[in-house]
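# Structure at a glance
Each chain, letter by letter, is given below.
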Amino acid sequence: ELGGYEDYMLKEIHEQPAAVQRTLAGRLDAGGGIDLSESGVDLAGIQRIAVVACGTAYHAGLLGKYAIERLARLPVEVWVASEYRYAHPIGDDRTLAVAISQSGETTDTLAAVETARGFGAKVLAITNTQGSLITRESDGILLTAAGPEIAVASTKAFLTQVAVMYLLALELARVRGTLPEEELLALGRELRRIPERIQETLDLVQGRMGEAAGLYEDARSSLFLGRGVSYPVALEGALKLKEVSYIPCEGYPAGEMKHGPIALVDERCPVVAVMGRGVLREKTLSNVEETAARGARVISVAARDDADAARLSEVLLPVPELPELLGPLVASVPLQLLAYRVARDRGLDVDKPRNLAKSVTVE
Ligand code: M6R
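This is a predicted model, so every value here is computed, not measured. (Residues numbered from 1 in each chain as written. Predicted model: local features only at pLDDT ≥ 70, side-chain atom pairs only at ≥ 80, totals over all residues. Heavy atoms only, no water.)

Along the backbone of the protein there are 14 helices and 10 strands. Computed over its C-alpha atoms, the radius of gyration of the protein comes to 19 Å, within 12% of the 21 Å expected for a compact globule of 363 residues. The C-alpha extent of the protein, read off along each of the three principal axes, is 50 × 45 × 45 Å. The buried share among the 363 residues of the protein stands at 57%. Counting contacts in the protein only where the partners sit at least 6 residues apart, residues at least 24 apart contribute 77% of the total. Total accessible area computed for the protein in this model is approximately 14,500 Å², and 48% of it derives from carbon and sulfur atoms. Computing the positive centroid from 39 side-chain charges and the negative centroid from 50, the protein places the two 1 Å apart. (Helix = DSSP H or I, 4+ residues; strand = E, 2+ residues; numbered from the N terminus. Rg over C-alpha atoms; globule rule 2.2 N^0.38 Å. Buried < 20%, exposed > 50% of the residue type's maximum accessible area, 1.4 Å probe, protein only. Contact = heavy atoms within 4.5 Å. Areas by Shrake-Rupley, 256 points an atom, 1.4 Å probe, with all protein chains shown as cover. Lys, Arg positive; Asp, Glu negative; His and termini not counted. Charge placed at Lys NZ, Arg CZ, Asp CG, Glu CD.)

Written as structure tokens, this is what we have:
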């Protein structure tokens, strides 16, 4: 079953190119044109979106927010599901609730769906599990095609959730006419090539993970930093590492460092910087520079030829260059491998971390 891999987590990380490819198949044609008519929800009249999800799925929701707001100019709130149900959320029948859940059985997410239905929202479920409870509570379903995910730490389900959120953003942009068609198609074509880019990333970083994990030998904690779309990547990287290695980790927007967390920084608190592209790359660089000046050992996820990132960091985990919005689909991959490697180096059971269950069916 493990097909030569030592654990499910590693196997599932390596299955990501195929998982994303299956998820995009039939939804994106060779020219970048999109077809999401299967969603079963009329997207034309939607005025706001509330994404509800837990854990890793919540991070996929945050990435979806960036994509939908940027491409389709529709306001999106993203809620941790357990907060949503008690928050007296605002919405009506022109609200689309998007519930993301690998298992489709997470009690908190199901309860948030019920809350949204209570004020008349349409519900779209993004799930990896056909026939799961959430599919019965929703008006429409978009399945991710990750295949069974066994490891408690979610990896391939996450990337397929992000891929579906991007498809949804493109579809909303098309329906709402918020982007020139050529731009939409170009993004669609880039998205279609993502499976190859994920494979390229796996190949690029493989040889560097030992060195990166070495920085955690006597680490007491770790900070993951990013800005813009790289911020949810940092959050997900921190969640992954904490859940499998038990090292306290925090994901932070890099610009917030000086407002508190920089106090944590010393040589036993490795800083992982997700550089991203565009204007925010430079801002991130200078935020990370401040941590390096205070003794932090830095790992960066950056373009192969990013000389500034290389200068700042002890280890550079290279990722292919992509349009800024799509970068998270590759930048997340080295962070999954980092979590895996650090936990393995500590002799831990990566597939079944202590205190955790694969699906959380209690409130
Ligand atoms: O099955 P779900 O996607 O609803 O599960 C949500 C979270 O419990 C899950 O993502 C959890 O955070 C993972 N252990 C993260 O790796």
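From this point, the narrative continues.
With that settled, consider the nonpolar core. Residues I49, I68, L191, Y216 and F224 are the most contacted members of the largest nonpolar core, which totals 94 residues. The element contributing the most residues to this core is helix α7 (residues 156–176), with 13 residues. Core analysis: the second largest hydrophobic core is formed by 18 residues, L223, V271, A273 and M275 among them. (Core = buried A, V, L, I, M, F, W, Y, C linked by side-chain atoms within 4.5 Å.)

Okay, the pairing of strand β5 (residues 140–143) next. Burial along β5 is one-sided: the residues G140 and L142 are buried and none of I141 and L143 is. Pairing of strand β4 (residues 122–127) with β5, which is carried by four bridges, proceeds in the parallel orientation. Paired with I126 across the bridge in β5 is L142. (Pairing = 2+ DSSP bridges.)

Attention now moves to the pattern of salt bridges. Under the criterion given, the structure shown has 26 salt bridges. Among the ionic pairs, E243 bridges to K240, the shortest N-O distance being 3.4 Å. Here E243 and its partner K240 are both found in helix α11 (residues 230–245), three residues apart, which amounts to about one turn of the helix. You can call K240 buried: its relative accessible area is 1%. Residues joined by salt bridges that share partners form a network here, namely R281, E289, D306, D308 and R311. (Salt bridge = Lys/Arg side-chain N within 4 Å of Asp/Glu carboxyl O.)

So, about the sheet that holds β4. Across the sheet, five strands lie side by side as β2-β1-β3-β4-β5; this open sheet has parallel pairing. Of all strands in the sheet, those bounded by a partner on one side alone are β2 (76–80) and β5. Strand-to-strand twist across the sheet, computed as the mean angle between neighbouring axes with direction ignored, equals 20°. Helix α5 (residues 107–118) contacts β1 (48–53), β3 (95–101) and β4 of the sheet and is inclined by roughly 170° relative to β3. (Axes fitted to C-alpha atoms, helices over the stretch in contact; angles between N-to-C directions.)

To continue, consider the pairing of β2. Bridge count between β1 and β2: five bridges; the pairing is parallel. What sits directly across from A53, in β2, is V80. Handedness of the β-α-β unit built from β1, helix α3 (residues 55–72) and β2 comes out right-handed. (Right-handed = clockwise from strand over helix to strand, strands pointing away.)

For the rest of this paragraph, the subject is the packing of aromatic side chains. Under the counting rule described, the total for this entry stands at one aromatic pair. Aromatic pair W79 and Y84: ring centres 5.5 Å apart, planes at 70°, arrangement edge-to-face. Taking NZ or CZ as reference, R354 lies 3.9 Å from the ring centre of Y246, over its face. (Phe/Tyr/Trp six-rings, centres within 6.5 Å; stacked < 30°, edge-to-face > 60°. Lys NZ or Arg CZ within 6 Å of the ring centre and 35° of its normal.)

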